[in-house]
Amino acid sequence: MKKKLILSCIVGFLLCLLSVIPIYASECSHVWETVYRIEPDCLSKGSEMKICQKCRKIETISLPVSDHPWGEWQITTAPNCTYTGIKTRTCTFCYKTQQEDVPTNGIHSWSDWKTATNICTEEKKAYRSCSYCHTQETTIIPASNHVWGEWYIDKKPTIFKTGVRMRYCINCLTEDKIIIPKQKMTTAQKQVKKSVDRFFKYAKQYNTSKLTKCFTKPSSVKLFIENSYMPQYYKKYNKRISYKLKSIKVSGKNATVKLSYKYPNRYNVFKAAFENSVYYQLKNPNISESQLLKYMYERICVHSKAGIDYSYGNLTLKLKKSGSAWKITSFNSKIDNLLHSNYTKAYNDYF
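So, how was this worked out
- Residues numbered from 1 in each chain as written.
- Predicted model: local features only at pLDDT ≥ 70, side-chain atom pairs only at ≥ 80, totals over all residues.
- Heavy atoms only, no water.
- Pairing = 2+ DSSP bridges.
- Helix = DSSP H or I, 4+ residues; strand = E, 2+ residues; numbered from the N terminus.
- Axes fitted to C-alpha atoms, helices over the stretch in contact; angles between N-to-C directions.
- Phe/Tyr/Trp six-rings, centres within 6.5 Å; stacked < 30°, edge-to-face > 60°.
- Lys NZ or Arg CZ within 6 Å of the ring centre and 35° of its normal.
- Disulfide = S-S within 2.5 Å.
- Buried < 20%, exposed > 50% of the residue type's maximum accessible area, 1.4 Å probe, protein only.
- Salt bridge = Lys/Arg side-chain N within 4 Å of Asp/Glu carboxyl O.

(A) Quick look at the sheet that holds strand 12 (residues 175–180). Across the sheet, which stays open at both edges, the three strands sit in the order 10-11-12 with antiparallel pairing between neighbours. On the outer flanks of this sheet lie strand 10 (152–155) and strand 12, each paired with one strand and no other. Each strand axis lies, on average, 35° off the axis of its neighbour in the sheet, ignoring direction. Sheet topology note: the strand 10/strand 11 (residues 163–168) ladder contains three bridges and is antiparallel. Among the inter-strand pairings, Tyr152 is bridged to a residue of strand 11, identified as Met166.

Right under this line is the structure:
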């Protein structure tokens, strides 16, 4: 708009000038001089005004739209083995874009090499495929040595179990392991173990006189001593008690032993016998205590024929050195149930 306004002003001025100057244009050999020029661009035409220096004739020429001043070609979509790509360039004046196809280049987009096995020490056939055209290539990967990582302790050894040292191949993850020997027991640990073994020996025999001596307070140990029937029962079934030591820690005159155990669980047997005995006593109110105990023992033996269930668990024993011997510091419910096949538990639950 501004260009047109300026051009109109110039034209008006020249017309006024010509009105006072005689013109003989038809006879003039023109000598042109450019008065004003508006350059064209890629969006609009330009114009040029000329005036003859002799006759003052004026001519206006329209200049055609120019070509786009293109920038450099840029690859916007890369070609591959199957699909053409696209390149784009942009006009630096009007920002118009132009696109052209880029022909396929035969370059595959390969996947990683894959094998049926990845063990380093074995020769293996590997293959890969192009994600575009699915062309496949195969090759042979020769056997090689393992590339081992650092050794680490997978399982620490104890005085009862061996340990394990392991390492892995960083390429195929093959494992390599070495067994670590058991730790050696100290003299104190040997003495503690001997005391625990002795306790379980007497527990299996149900040797009441020697069991009490395994504790620092023999009077706290509750065993069947006056009842002559039950010791017979436990001498028979306690042979099935088993245990496995897990750890022994000694600190001065104190020791802690952790173990797992297995013993006959006669809980249901005892409850059934208690129920039988209660009904028997109701029917025979004048029965003596010894007769009742004998009847209950007989019922326990009858119910025991149905089979044996077992209880499993873990036990922590605290021991204290008394003179040259190590003794258990307390008689707790777990020890009671282990020695008596859950008799006390069944008695407390029933009565």
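(B) Inspection of the sheet that holds strand 6 (residues 97–102) at higher detail. As summarised here, the arrangement of the three strands in space is 4-5-6, forming an open sheet in which the pairing is antiparallel. Edge positions in the sheet fall to strand 4 (74–77) and strand 6, since each has one partner strand and no second. Taken pair by pair, the neighbouring strands of this sheet meet at an average axis angle of 35°, ignoring direction. Direction of pairing for strand 4 relative to strand 5 (residues 85–90): antiparallel, over a ladder of three bridges. When the sheet's bridge partners are listed, Gln74 is paired in strand 5 with Thr88.

(C) Main features of the packing of aromatic side chains. This structure, assessed with the given rule, holds 22 aromatic pairs. Following the ring pairs from residue to residue traces out a cluster consisting of Tyr206, Phe224, Tyr233, Tyr234, Tyr237, Phe270, Phe274, Tyr343, Tyr347, Tyr350 and Phe351. Taking NZ or CZ as reference, Lys50 lies 5.5 Å from the ring centre of Trp32, over its face. For the cation-ring pair, Lys262 lies above Tyr310, with the distance from its terminal atom to the ring centre recorded as 4.5 Å.

(D) Expanded view of the state of the cysteines. Counted under the stated rule, the structure contains zero disulfides. Between Cys42, a cysteine without a disulfide, and Cys94, which holds the nearest cysteine sulfur, the sulfur-to-sulfur distance is 3.8 Å. Taking the relative accessible area as the measure of exposure, Cys42 reaches 11% and is therefore buried. As a non-bridged cysteine, Cys52 has Cys55 as the owner of its nearest cysteine sulfur, 3.6 Å distant.

(E) Summary view of the pattern of salt bridges. Summed over the entire model, instances satisfying the criterion amount to eight salt bridges. A salt bridge links Arg37 to Glu39, with the shortest nitrogen-to-oxygen separation between them at 2.6 Å. Among the residues examined, Arg37 registers a relative accessible area of 37% and is labelled partly exposed. Residue Glu39 is classed as partly exposed on the basis of its relative accessible area, which comes to 48%. Asp349 serves as the salt-bridge partner of Lys345, at 3.9 Å between the closest nitrogen and oxygen. Residue Lys345 and its partner Asp349 are both found in helix 8 (residues 343–350); the two are separated by four residues, about one turn of the helix. Shared partners join several salt bridges into a network, and the residues in it are Arg37, Glu39 and Glu48.

All we've got here are geometric facts, nothing functional implied.
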